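Coordinate inspection notes
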Amino acid sequence: GENVEQHPSTLSVQEGDSAVIKCTYSDSASNYFPWYKQELGKRPQLIIDIRSNVGEKKDQRIAVTLNKTAKHFSLHITETQPEDSAVYFCAASLTGGGNKLTFGTGTQLKVEL
Amino acid sequence: NAGVTQTPKFQVLKTGQSMTLQCAQDMNHEYMSWYRQDPGMGLRLIHYSVGAGITDQGEVPNGYNVSRSTTEDFPLRLLSAAPSQTSVYFCASSKQGTNTEAFFGQGTRLTVV
């Protein structure tokens, strides 16, 4: 089955700096890669996703890049704010959609004032 | 529009007891899934369904049963609870097709003593 590795497990940045979280996946047939943000005690919520036929996608301060050859994808958050502090999960899917997701182990992002 | 609703929010069970975690969605989504979330391990797929009457196993199905008699409901049954099943359980739903977001319920925190 698919295996997704995520690094780092914790990340601390100063407000206004950029944060980068990286994931690798094992199955080259995976074709959908969402990123979820989870605040303490809350449900995971989608912040951005990318399909395998796209190399980069951006939404305001958040961007995701995908390298199919290397089988890795990354989340970039620019101009970080305290409200960005949360756990971020990457995931991969073989079905092209939100069904049957394989998740990474999560990154605890802390944005310090 | 309630989205994905899980009940109960919290539950304490004794070892050997059985119970059902309820999940309902009102978005007419074809796909529904159950995940468990444990510290440091991300979310892992337990069971999933692609439509009424159709279910299949995910990564960690042992000790759990599911059924899908209607599009809206996808209950998860613990047959004989064990301490290893102490976890936070999330139900998710998504539309059939590609690039479809998975929507999560608010989670059920289960403790087995």
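Residues numbered from 1 in each chain as written. Chains lettered and ligands numbered in written order. Predicted model: local features only at pLDDT ≥ 70, side-chain atom pairs only at ≥ 80, totals over all residues. Heavy atoms only, no water.

Some words on the pattern of salt bridges
Residue and element names in this part refer to chain B.
- One pass over the full model with this rule turns up six salt bridges over all chains.
- Note that Glu30 and Lys95 form a salt bridge whose closest N and O atoms lie 4.0 Å from each other. Pair noted here: Glu30 is in the loop between strand 3 (19-25) and strand 4 (31-37) and Lys95 is in the loop between strand 9 (87-94) and strand 10 (103-104), with a separation of 65 residues, a long-range link.
- Using a relative accessible area of 40% as the deciding quantity, one classes Lys95 as partly exposed.
- Where salt bridges share partners, they join Arg36, Asp38 and Arg44 into one cluster. (Salt bridge = Lys/Arg side-chain N within 4 Å of Asp/Glu carboxyl O. Helix = DSSP H or I, 4+ residues; strand = E, 2+ residues; numbered from the N terminus. Buried < 20%, exposed > 50% of the residue type's maximum accessible area, 1.4 Å probe, protein only.)

Some words on the packing of aromatic side chains
- Evaluated as defined, the whole model comprises twelve aromatic pairs over all chains.
- Both rings, one in A:Phe89 and one in A:Phe103, keep their centres 6.3 Å apart while their planes meet at 90 degrees; by these two values the pair is edge-to-face. Linking A:Phe89 in strand 9 (residues 86-92) with A:Phe103 in strand 10 (residues 102-103), this pair joins segments that are 14 residues apart in sequence. Each of the two residues, A:Phe89 as well as A:Phe103, counts as buried.
- Ring geometry for B:Tyr35 versus B:Phe104: centroids 5.8 Å apart, planes at 45 degrees, classification tilted. Placement of the pair is B:Tyr35 in strand 4 and B:Phe104 in strand 10, with a sequence separation of 69 residues. (Phe/Tyr/Trp six-rings, centres within 6.5 Å; stacked < 30°, edge-to-face > 60°.)

Overview of the state of the cysteines
- Tallied over the entire structure, the rule returns two disulfides over all chains.
- Note on cysteine connectivity: A:Cys23 is disulfide-linked to A:Cys90, with sulfurs 1.9 Å apart. Disulfide A:Cys23-A:Cys90: torsion about the S-S bond near -100 degrees, hence left-handed. Of this pair, A:Cys23 sits in strand 3 (residues 19-25) while A:Cys90 sits in strand 9, and the two are 67 residues apart along the sequence.
- Take A:Cys23: its relative accessible area is 1%, and that puts it in the buried class.
- Look at A:Cys90 and you get buried, because its relative accessible area is 0%.
- Each sulfur of the disulfide joining B:Cys23 and B:Cys91 lies 1.9 Å from the other. (Disulfide = S-S within 2.5 Å.)

Let's talk about the interface of chain B and chain A
- Each partner contributes to the interface: chain B provides 25 residues, whereas chain A provides 20 residues.
- Here chain B meets chain A over a buried area of about 1800 Å², counting both sides, of which 52% is carbon and sulfur.
- For the pair chain B and chain A, the number of links is zero salt bridges.
- Counting the contacts that link chain B with chain A gives six residue pairs in polar contact (both at pLDDT 80 or more).
- Within the residue set of the side of chain B that touches chain A, elements represented by two or more residues are strand 4, strand 5 (43-51) and strand 9 of chain B.
- Taken together, the residues that form the side of chain B that touches chain A break down as twelve nonpolar, twelve polar and one charged. (Contact = heavy atoms within 4.5 Å. Buried area = accessible area lost by both parts, 1.4 Å probe. Polar contact = N/O pair within 3.5 Å; in protein donor to acceptor, adjacent residues only side chain to side chain. Nonpolar A, V, L, I, M, F, W, Y, C, P; charged D, E, K, R; others polar.)

Scope: geometric values only; no functional claims are made or implied.
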